[in-house]
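Next come the chains, spelled out residue by residue.
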Amino acid sequence: MIRPLVLALCLGLALPATAFGEPAPAVAIARAAIDAVIRPGYARLQTAAETLEKDVRALCDAPGPAQLETARAAFRDTALAWASIEMVGFGPVRAQNRLERILFWPDRRGIGLRQVQAILATRDDTATDAAALAQKSVAVQGLGALDYVLYGTGAEELAGADGFRCRYGAAIGANLAKIAADITAGWADNDGIAGQLAEPGPDNALFRDQSEALGEVTDMLIHGLEQLRDVRLNGFLGETPDKDRPKRALLWRAGLTVATIRANLDGLRDLFDKAGFADHLAAEDRWIAASIRFEFAQADGALSDVPERIADTLADAQAREKLAFVRVVSSSLSQLVSEHLTAAYGLTAGFSSLDGD
Amino acid sequence: MAPLLDRRDLLAATGAWLLAWIGTPRALARPEQQAAFAAAYKDSDGRFGVALLADDGTICARVALPDRGHDIACDRAARRAVAFARRPGYFAVIFDLNRRAEPVTIQAAPGRHFFGHGVFSPDGRLLYATENDFEAARGLIGVYDATDGFRRVGEFDTHGMDPHELLLMPDGRTLAVANGGIETHPDFGRAKLNLATMRPSLVFLDRIHGTLVEKHRLAADLHQLSIRHMAIDGAGRCWFGCQYEGATGDAPPLVGLARPGDAIRLLDLPGKAWAGFGNYVGSVACNRVTDRVAVTSPRGNLLATFDAASGRLVGRKRLNEVCGLAAQAGGFFATTGTGDIRPARGAPGHVNLVWDNHVLRLDG
């Protein structure tokens, strides 16, 4: 069932606010998503990437095991900050290939890996300058490249005197900090995407009514869950153990595969909670929010104690079973959001407009 | 090439999926309810199928599909059609428009999947389908012998990744193929793997020799403008619709024209008119009688009509989640993701089905 207000919204009536002066649910959700999820999420990414740059530079200046550990911890923080906000698939992150420059993955044919290895083998000095690096292949300038620099073959030289690999790593950190700052600035501008999403209307080229704005926010959940299952899990987790491919897992060298999956789920749950999707449901639809929260908690509980290294997880039947369980949970969540939540808000699930057909 | 499936396998596959005609008994189909259109759908129980619709939008018959379908190809002389699985999909279902036979399913070849579109040769003997050689990320046309149980008899290169819609040009020999340029691999669902380096194209291929006739590309700064759907106008020009993978606010032109021997070009629209299309065109159709071209944008909730001769925008209609589109006397027949059916003339209809992206006209 749909509340009368949302029903009116479906019929295309412009309702900027209710009689009580509150914004309509769609607008309230869009604004909360911007202020409580998207802006703080990118700000965290920016802070983490700035720390990463600083810590990798400190490693270059004074190589040693402790400094390497600090730099690796900063890499972990940056990767998790990204994973918790990567469900935002529109706006500034889509300009200038920023999304792919932050994380080019999956690198199915190993092209990116070969490019990173070539930079290291030829000691390509232009890769140590963040501005020049930003002009290179997207695959050599982000988290995937830094995973190899910090953990891949030859990473032990980072703790020694040879500075090239480290300076390349620092340039990646600087490049990530710059990209994150540009995205943050894009979202801070109220005349840009944030203003358009927060104020749908007939003169707004991107969101001409409230359902289009709400649809965009809901799509973050739908696509985020789809990506989690189809790309992040199915990319390495086979139907059966003999079909597992641990080296195709995201950031497996750093042991961050499961941690990024948890951060993906945290980001999606945060979006659901903080955007207030549960707050505008009619009484008979509240089970949807309860079910969504239950499923998120199930997934989080399952992942709370699996080994960090994905090869270890897959080798342990019980731990592997937990990943398989999260795959099932992500499908349940997809269904709850794309069928039930959208129906409760009078949206269709974008059956025909899902990407690229 | 070895036969992909023998007839026994075909029957087995069909049986396993319990394909069948659904709904109206054959005897009830009146002449005035002759099927004029076909479109894939999902029903309210989440089951998939293809519906045949009369000129007024009434559903005449339905065929079950094992999973989500996409577009349909039709051999009009033999009154039979093929519904393709949505990408990355592995089945195609062949069904008889006059319901003289039960539907038959074929499977994609090993290492290949369907992209969702296909077309018959003019004599109906061969079926061409856009396919992905997914390990090599190479676009292919798969060739099937319609006279021999739709045995796969060959394949040829589309000279680009991600071939989506394909059409037969009026010469009956040249295939127009929209290479969308986006790398995907079934191991990663529908994730787009190469947005930073994608390079779409529109190619004309000789279907007899399987060779490239011409390859058209847009300007390098529009390399993220994926060319995906097409329709051919009365002057033999190929109109195409695009989906933009670049920055949200860029709003580049989404419709253009190509023809062998001419330079490819995009339509200019005044002001910020392209911004209303959500960077996404889902279907293109030409009405050769009224000399109009229509495109739909389910993201922009828009059906736009152009004058084919001048390229001028002549109509814009807001329609929630409109996508399916076909020419019809007096204009265009459209369907939406919300279950609406909009004939060119007469009363709009609504059914409790979610229509997929395309409508095929069965009679011309």
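Residues numbered from 1 in each chain as written. Chains lettered and ligands numbered in written order. Predicted model: local features only at pLDDT ≥ 70, side-chain atom pairs only at ≥ 80, totals over all residues.

Chemist: Which residues make up the overall build of chain B, and what are the values?
Modeler: Check the secondary structure of chain B and you find one helix and 29 strands. On C-alpha atoms alone, chain B measures out to a radius of gyration of 19 Å, which is about the 21 Å that the 2.2 N^0.38 rule sets for 364 residues. By residue count, 53% of the 364 residues in chain B fall in the buried class. (Helix = DSSP H or I, 4+ residues; strand = E, 2+ residues; numbered from the N terminus. Rg over C-alpha atoms; globule rule 2.2 N^0.38 Å. Buried ≥ 20, exposed ≤ 12 C-beta atoms within 10 Å, placed from the backbone.)

Chemist: Can you explain the confidence of the model for chain B? Please cite residues and give values.
Modeler: Residues and elements named next belong to chain B. Residues at a pLDDT of 70 or more form 91% of chain B, whose mean pLDDT is 91. With pLDDT under 50 throughout, residues 1-18 is counted as low confidence; its partners more than four residues away or in other chains account for 24 contacts. Ignoring residues within four places in sequence, the model shows residues 25-29, a span with pLDDT below 50, making three contacts including any to other chains. (pLDDT = per-residue confidence, 0-100. Contact = placed C-beta atoms within 7 Å.)

Chemist: How would you sum up helix 14 (residues 317-344) of chain A? Please name residues and give values.
Modeler: Residue and element names in this part refer to chain A. Taking 1.5 Å of rise per residue, 28 residues should cover 40 Å, and helix 14 covers 39 Å from first to last C-alpha, within 8% of that figure. The largest bend in helix 14 amounts to roughly 30° and is located at valine 337. Within the span of helix 14, buried status applies to Leu323, Val326, Val329, Ser330, Leu333, Ser334, Leu336, Val337, Ser338, Leu341, Thr342 and Ala344. Where the residues of helix 14 are buried, they touch helix 10 (210-233), helix 12 (286-303) and helix 13 (310-315). (Expected span 1.5 Å × (residues − 1). Bend = angle between axes of the 7 residues up to and from the residue.)

Chemist: Lay out the domain arrangement of chain A with the relevant residues and their values.
Modeler: Residues and elements named next belong to chain A. Segmenting chain A into domains produces domain 1 (4-20 + 191-344) and domain 2 (34-188). Each side of the interface is counted separately: domain 1 has 28 residues, and domain 2 has 27 residues. Contributing elements (two or more residues each) for the side of domain 1 that touches domain 2: helix 9 (193-198), helix 10 and helix 11 (257-274). Counting residues per element, the side of domain 1 that touches domain 2 draws most heavily on helix 11, at ten residues. (Domains from an automatic or database assignment.)

Chemist: Break down the UniProt feature "domain: Imelysin-like" (unreviewed entry) in chain A for me, with residues and values.
Modeler: UniProt tags residues 38-324 of chain A as "domain: Imelysin-like" (unreviewed entry). For residues 38-324 of chain A, helix accounts for 62% and strand for 0%, while the C-alpha atoms at its two ends are 29 Å apart. (UniProt positions renumbered as here; feature names shortened; annotations may be inferred.)

Chemist: Go over the sheet that holds strand 20 (residues 265-266) of chain B, please, and point to the residues and values.
Modeler: Within a sheet, neighbouring strands are paired by backbone hydrogen bonds and run either parallel or antiparallel to one another. Residue and element names in this part refer to chain B. With respect to topology, four strands assemble into an open sheet ordered 17-18-19-20, the strand pairing being antiparallel. Of all the strands in the sheet, just strand 17 (225-232) and strand 20 have a single pairing partner and so form its edges. Relative to strand 19 (residues 255-258), strand 18 (residues 238-244) runs antiparallel, the two being bridged by four bridges. Within strand 19, the position partnered with glycine 241 by the bridge is valine 255. (Pairing = 2+ DSSP bridges.)

Chemist: I'd like a description of the interface of chain B and chain A, backed by residues and values.
Modeler: Chain B puts 36 residues into the contact, and the matching count from chain A is 25 residues. A per-class count over the side of chain B that touches chain A returns 13 nonpolar, 14 polar and nine charged. (Nonpolar A, V, L, I, M, F, W, Y, C, P; charged D, E, K, R; others polar.)

Chemist: Hey, could you go over unusual backbone geometry for me, with residue numbers and the actual values?
Modeler: Excluding glycine, residues mostly carry a negative phi; peptide bonds, for their part, are mostly trans. Along the chain, Trp105(A) connects to Pro106(A) via a cis peptide bond; the corresponding omega equals 0°. Cis geometry is found at the peptide bond from Arg87(B) to Pro88(B), where omega equals -15°. Structurally, the position occupied by Pro88(B) is in the loop between strand 6 (80-85) and strand 7 (91-96). The phi dihedral of Arg123(A) is positive, around 50°, even though this residue is not glycine. Secondary-structure assignment places Arg123(A) in the loop between helix 5 (111-122) and helix 6 (130-133). Phi at Asp291(B) is positive, roughly 60°, even though this residue is not glycine. The residue Asp291(B) is located in the loop between strand 21 (283-287) and strand 22 (292-297) in this model. Looking at Asp291(B), the number of C-beta atoms within 10 Å reads 15, which means it is partly exposed.

Chemist: Help me get a handle on the environment of Tyr280(B), residues and values and all.
Modeler: Residues and elements named next belong to chain B. You can see tyrosine 280 is positioned in the loop between strand 20 and strand 21. Given 22 C-beta atoms within 10 Å, tyrosine 280 falls into the buried group. Between the alpha carbons of tyrosine 280 and valine 104 there is a distance of 33 Å; along the sequence they are 176 residues apart.

Chemist: Talk me through the sheet that holds strand 4 (residues 59-65) of chain B; I want residue IDs and the actual numbers.
Modeler: Residue and element names in this part refer to chain B. One open sheet accounts for five strands, arranged 1-4-3-2-29; its pairing is antiparallel. Because the sheet does not close on itself, it has two edges, and the strands there are strand 1 (21-22) and strand 29 (353-361). Pairing analysis gives six bridges linking strand 3 (residues 48-53) to strand 4, with the strands arranged antiparallel. When the sheet's bridge partners are listed, phenylalanine 48 is paired in strand 4 with leucine 65.

Chemist: A description of the pairing of strand 17 of chain B should follow, citing residues and the corresponding values.
Modeler: In the case of a regular strand, side chains alternate between the two sheet surfaces. Residues and elements named next belong to chain B. For strand 17, the buried fraction is high: seven of the eight residues fall into the buried class. The pairing of strand 17 with strand 18 spans seven bridges and is classified as antiparallel. Residue pairing in the sheet places histidine 229 in a bridge with glycine 241 of strand 18. Between strand 17 and strand 18, which pair antiparallel in sequence order, lie five residues; one of them, glycine 236, sits at a positive phi of approximately 80°.

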